[in-house]
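Observations on chain architecture
As a plain string of letters, each chain reads:
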Amino acid sequence: KSDAPTDTLLKEELDDLFWCSSYKSLDGKYIFFDTASKETSEVWYLSTEDESSVTEMKCVAKRRNKVLYEVEHGDDSWYVWTNVDGSPNMKLMSSPATADSAANWELVEDTNGNPLFDGSLAKSLDSVTVLNTHVVIEGREGGIPRVWIYSKDSKNMKMLSFDEAAYDVGMLAHFEADTKSIAVSYDSLVTPPSSIEISLDDDSQRTVLKTKAVPGYDKGSYGCDRMEVLSRDGTKIPISVVYSNETVEKVKAGERVPVHLYGYGSYGACMEADFDTTRLPLIKRGMIYVIAHIRGGGEMGRQWYEEPNGAKYLCKKNTFNDFVDVAKFLVDTWTTPEMLSCEGRSAGGLLIGASINQAPELFKCAILGVPFVDVAVTMTDSTIPLTSGEWVEWGNPNEEKYHQYMMEYSPMNNVQKGKTYPACWLTGGLNDPRVAYWEPAKMTATLRHANPDNENPICMKLDLSAGHFSASDRYKYFRELAYDYSFLLDQLKLAN
């Protein structure tokens, strides 16, 4: 007997810029190996039914620079969503299920011959679920998550509609292609999450399977709005606002009220108008909670993220400008700088650091959770985990143009002297592999040393057992959040 391993290596990815994953098509006929960076992707496949090919993976379409695509299988066809030919958003295309199929990709059309998704600015496409009789598509339109149901037989597509103006909706996990219904998760700023079963043939047939219980919560005591704020370059920035009815009555009477502004704005990630019980302690104390859907996220489609008008590479400053302009709108409309706080985590901590550098006078309190604030230094050191893969997000500072641009916004390098900065609460985790603990530590020291006469406290809390995502234990997470809120409420004089 030989002790040699019998496993066969089917595929590997050696480029540090790329992430890998594997998955099985919903109909069970193919296993896929997906490798992708932020800008380029490639998918390989293996048939589960052809025993002669179990040791050889074939490529759906060879990688091409700045061409992204993803694949599902159904009806002996590939369903491909891709930005091929430089479209701002993803197109929905299909082709026979063969290797090297890119030349055969064609737009999927409705019964009138119109493309379902043509990659234009009108709507974006995020994911596709191929069922036996229908195709369920998730994407965005008007900054709101959407779900569309496409009938293979009639070639008609319909978008699921809901009563509220702004909400979060998405497909729940599905493991069977042969089904007559789907399940979605739905919530909004004031509506707790629920799981809803919806008929594929008649989407008016809906059954609420489960709704999250929120003890003591009265939906009728709260309200929400979706608004747009004009950024300095004329771009309309959506914001989601949630408040108590008591607070909004004060605003209507002309009274100024405390406001908490939250943002992220990186990686094309979307901050949804969803329900979060952890906001209630602030809202019950009379605060208005605002989510700024700034550029760098993906709320308005990939163009909200990509160059030239998004907030990536050499247009990253749009993220910070949008956030500051939203803050100025809030001060002009509902609050004052003495009652305005802001918060962001990770890349959102970069947002907060850059924003308080740009306009320290706008805020009374800032929370920077595990903040990515030493941008140029971290991105220069490829020995740090994840750094090289991030070069397709921020740029490689070993190239002069990116280094110079980073130095213009990196929070560590742009702290102003002689300014009154807001009270700052910075957090870090000793075991954080994404944002090392020394980044918030260096930022804390820099803020203190630059303005030693600043009466607003600059504080840092380092968790010696946590990583990037704070505590995994639910109750410890609440305790950590209580520290953040205690500092915020104390600085805004709302602690009592």
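Residues numbered from 1 in each chain as written. Predicted model: local features only at pLDDT ≥ 70, side-chain atom pairs only at ≥ 80, totals over all residues. Heavy atoms only, no water.

Here we take up the sheet that holds strand β1 (residues 19-24). Overall, antiparallel pairing links the four strands, which are arranged β1-β2-β3-β4 in an open sheet. Every interior strand has two partners, whereas the edge strands, β1 and β4 (58-61), have only one. Taken pair by pair, the neighbouring strands of this sheet meet at an average axis angle of 25 degrees, ignoring direction. (Pairing = 2+ DSSP bridges. Helix = DSSP H or I, 4+ residues; strand = E, 2+ residues; numbered from the N terminus. Axes fitted to C-alpha atoms, helices over the stretch in contact; angles between N-to-C directions.)

As a further point, take the sheet that holds strand β8 (residues 106-107). Across the sheet, which stays open at both edges, the four strands sit in the order β5-β6-β7-β8 with antiparallel pairing between neighbours. With partners counted over all chains shown, the strands left at the sheet margins are β5 (69-74) and β8, one partner each. One ladder, built from two bridges, connects strand β7 (residues 91-96) with β8; its direction is antiparallel. Among the inter-strand pairings, M93 is bridged to a residue of β8, identified as L107.

This paragraph deals with the state of the cysteines. Overall, the coordinates contain zero disulfides when judged by the stated rule. The closest cysteine sulfur to the non-disulfide-bonded C20 is located on C59, 13 Å from its own sulfur. No disulfide involves C424; its sulfur sits 7.6 Å from the nearest other cysteine sulfur, which is in C365. (Disulfide = S-S within 2.5 Å.)

Moving on: the packing of aromatic side chains. A full pass over the atoms with the stated rule returns 23 aromatic pairs. Seen from their ring centres, Y217 and F275 are 5.2 Å apart, and the 70 degrees between their planes marks the pair as edge-to-face. Of this pair, Y217 sits in the loop between β16 (206-211) and β17 (222-230) while F275 sits in the loop between β19 (259-262) and α2 (280-283), and the two are 58 residues apart along the sequence. For Y217, a relative accessible area of 16% corresponds to the buried category. Note on F329 and W334: the rings are 6.0 Å apart at their centroids and 70 degrees apart in plane angle, and the pair reads as edge-to-face. Three or more aromatic residues joined by ring pairs form one cluster here, namely Y23, Y30, F32, Y45 and W78. Note that R63 overlies the ring of F18, its terminal NZ or CZ placed 4.4 Å from the centroid. The ring of F162 carries the charged tip of R206 above its face, separated from the ring centre by 4.9 Å. (Phe/Tyr/Trp six-rings, centres within 6.5 Å; stacked < 30°, edge-to-face > 60°. Buried < 20%, exposed > 50% of the residue type's maximum accessible area, 1.4 Å probe, protein only. Lys NZ or Arg CZ within 6 Å of the ring centre and 35° of its normal.)

With that out of the way, let us pick up the nonpolar core. Core analysis: the biggest nonpolar cluster contains 102 residues, and I182, L261, I288, V290 and F323 have the highest contact counts within it. Tallying contributions element by element places helix α3 (residues 317-333) first for this core, with seven residues. Among all residues touching I288, those that are not within four sequence positions of it are V241, V242, Y243, T247, V251, V257, P258, V259, H260 and W334. In this structure, F32, A61, Y69 and W78 belong to the second largest nonpolar core, which totals 20 residues. (Core = buried A, V, L, I, M, F, W, Y, C linked by side-chain atoms within 4.5 Å. Contact = heavy atoms within 4.5 Å.)

The element strand β21 (residues 340-345) is largely enclosed, with a buried count of five among its six residues. Sheet topology note: the β19/β21 ladder contains four bridges and is parallel. Bridge pairing in β21 links H260 to S341. Two elements, β21 and strand β22 (residues 365-369), share five bridges in a ladder whose sense is parallel. When the sheet's bridge partners are listed, E343 is paired in β22 with I367.

Here the focus is the pattern of salt bridges. Within this structure, the stated rule accounts for 20 salt bridges. Two residues, R63 and E13, come together in a salt bridge whose shortest N-O distance is 2.6 Å. With R63 in the loop between β4 and β5 and E13 in the segment before β1, this residue pair connects regions lying 50 residues apart in the sequence. Relative accessible area serves as the criterion here: at 31%, R63 is assigned to the partly exposed category. For K152, the salt bridge goes to D75, with nearest N and O atoms at 2.6 Å. Taken as a pair, K152 in the loop between β11 (144-151) and β12 (157-159) and D75 in the loop between β5 and β6 (77-82) lie far apart in primary sequence, 77 residues in all. The class of D75 is partly exposed, set by a relative accessible area of 46%. One continuous salt-bridge network, built from bridges that share partners, spans E39, R302, E306 and K312. (Salt bridge = Lys/Arg side-chain N within 4 Å of Asp/Glu carboxyl O.)

Right, let's get into the side chain of N318. Mapped onto the fold, N318 is located in helix α3. Ignoring any residue separated from it by four or fewer positions in sequence, one finds N318 in contact with D233, R295, N309, G310 and A311.

Time to look at the environment of F323. With respect to the element layout, F323 can be found in helix α3. A sequence separation of 61 residues divides F323 from Y262, and the C-alpha atoms of the two residues are 9.0 Å apart.

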